[in-house]
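The lines below spell out each chain.
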Amino acid sequence: MKLCRYGPVGAEKPGLIDADGRIRDLSAHVVDITPVEVTCAGIAALKAIDPASLPFVEGTPRYGVPVAGIGKFIAVGLNYADHAKEAGLPVPPEPIFFTKAISCLVGPNDDVMIPKGALKTDWEVELGIVIGKTCRHVEQDAALDHVAGYVLVNDVSERAFQKELGSQWDKGKGCDTFGPTGPWLVTPDEVGDVQALDMFLDVNGQRMQTGNTATMIFPVAECIAYVSRFITLHPGDLLITGTPPGVGEGQKPTPVFLKAGDTMHLSVATLGEQRQTVIPFALGDDA
């Protein structure tokens, strides 16, 4: 099953993607796709609905973040050995994780904004996990039973903020628009082997990242179990799992970073695609 939220920012509606790839409206059954709907019981209830009984959504509406009310956004870093190598860093002996601000979450095709004063804004295609059952000291062999579904995420990063302003990675990870997520939440039964998913990211039509989740240092189940030793994960929390090589910082002989007008196109197999345009910094109407 593929779940989505569609419509204008702040007015998204719940949807389901049918076998033909069309959006079906779930509004008659749920008000929104929230942490309640992605619990194990919530997912089971939605799976019981016949997609053919749901009305089609006409046109090509905007996709929002697939789950409303995400409580925590946690990321595992340096989780692909070849990415660690291109960053000039040793393979970590244990998972490295950090938080991204919830306020950075945007829809999969929304614009990505260069932060004020940014010098080195970068891209990272990643597999994301949406938690469906509370995880507290979960054993690795049971960790995947706590997953509601998987999502595609672009872990946009400002390297100068991340690495040149002290040791706090969060500074360069949670800027506004730095968390494009979606288009769908895909349940585990439809994803299949989560450690065998191809992934890519293009910038301005040029292939920059190519990878597969098989080359993770710490597989998905281990990431969940490890984080749950330190932080309780609740239904609706989002955990992303690292990126393969090919980020802008790692380009040879000269790093390449995003600038206004650039476009990104990325995908993880079975999880759909994203397309973003990079825009210059602006305070916005709510400033």
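Structural data are supplied above this passage.
Notes on the structure follow.

Definitions and limits used
- Residues numbered from 1 in each chain as written.
- Predicted model: local features only at pLDDT ≥ 70, side-chain atom pairs only at ≥ 80, totals over all residues.
- Heavy atoms only, no water.
- Helix = DSSP H or I, 4+ residues; strand = E, 2+ residues; numbered from the N terminus.
- Buried < 20%, exposed > 50% of the residue type's maximum accessible area, 1.4 Å probe, protein only.
- Contact = heavy atoms within 4.5 Å.
- Core = buried A, V, L, I, M, F, W, Y, C linked by side-chain atoms within 4.5 Å.
- Phe/Tyr/Trp six-rings, centres within 6.5 Å; stacked < 30°, edge-to-face > 60°.
- Salt bridge = Lys/Arg side-chain N within 4 Å of Asp/Glu carboxyl O.

**Description of the environment of Val203**
Turning to step 1, where the next piece is worked out: Following the sequence through the fold, Val203 ends up in strand S14 (residues 198-203).
Turning to step 2, where the next piece is worked out: The class for Val203 is buried, based on a relative accessible area of 8%.
Turning to step 3, where the next piece is worked out: Spatially, the C-alpha atoms of Val203 and Ala148 are 30 Å apart, while their sequence positions differ by 55 residues.
Turning to step 4, where the next piece is worked out: The residues contacting Val203, other than those within four sequence positions of it, are Trp123, Met208, Leu258, Thr263 and Met264.

**Here's the deal with the nonpolar core**
In summary, soluble globular proteins display a tendency toward joint burial of nonpolar side chains.
Turning to step 1, where the next piece is worked out: One finds Leu26, Tyr150 and Leu238 to be the most contacted residues of the largest nonpolar core, which totals 77 residues.
Turning to step 2, where the next piece is worked out: A per-element tally of this core places strand S10 (residues 147-154) first, with 6 residues.
Turning to step 3, where the next piece is worked out: Contacts of Leu26, omitting those with residues within four sequence positions, involve Leu3, Pro14, Gly15, Leu16, Ile33, Leu46, Ile49 and Leu54.

**Quick look at unusual backbone geometry**
Turning to step 1, where the next piece is worked out: Residue Pro183 follows Gly182 across a cis peptide bond; omega there is 20 degrees.
Turning to step 2, where the next piece is worked out: Inspection of the secondary structure assignment puts Pro183 in the loop between strand S12 (179-180) and strand S13 (185-186).
Turning to step 3, where the next piece is worked out: Here the amide bond leading from Lys252 into Pro253 is cis, since omega sits at 0 degrees, within 30 degrees of zero.
Turning to step 4, where the next piece is worked out: Positionally, Pro253 belongs in the loop between strand S16 (238-240) and strand S17 (263-268).
Turning to step 5, where the next piece is worked out: With a phi close to 55 degrees, Asn204 is a non-glycine residue in the positive phi region.

**Some remarks on the packing of aromatic side chains**
Turning to step 1, where the next piece is worked out: What the rule picks out here adds up to 3 aromatic pairs.
Turning to step 2, where the next piece is worked out: Centroid distance Phe97 to Tyr226: 6.3 Å. Interplanar angle 80 degrees. Geometry classified as edge-to-face. Taken together, the residues Phe97 in strand S5 (residues 96-99) and Tyr226 in helix H5 (residues 220-228) connect sequence positions 129 residues apart.
Turning to step 3, where the next piece is worked out: The exposure class assigned to Phe97 is partly exposed, which follows from its relative accessible area of 25%.
Turning to step 4, where the next piece is worked out: Given a relative accessible area of 12%, Tyr226 falls into the buried group.

**A short note on the pattern of salt bridges**
Turning to step 1, where the next piece is worked out: Applying the stated criterion to the full structure yields 18 salt bridges.
Turning to step 2, where the next piece is worked out: Of the charged contacts in the structure, one is a salt bridge between Arg5 and Glu12, with a shortest N-O distance of 3.5 Å. Comparing Arg5 with Glu12 shows no difference in burial state: the two are buried.

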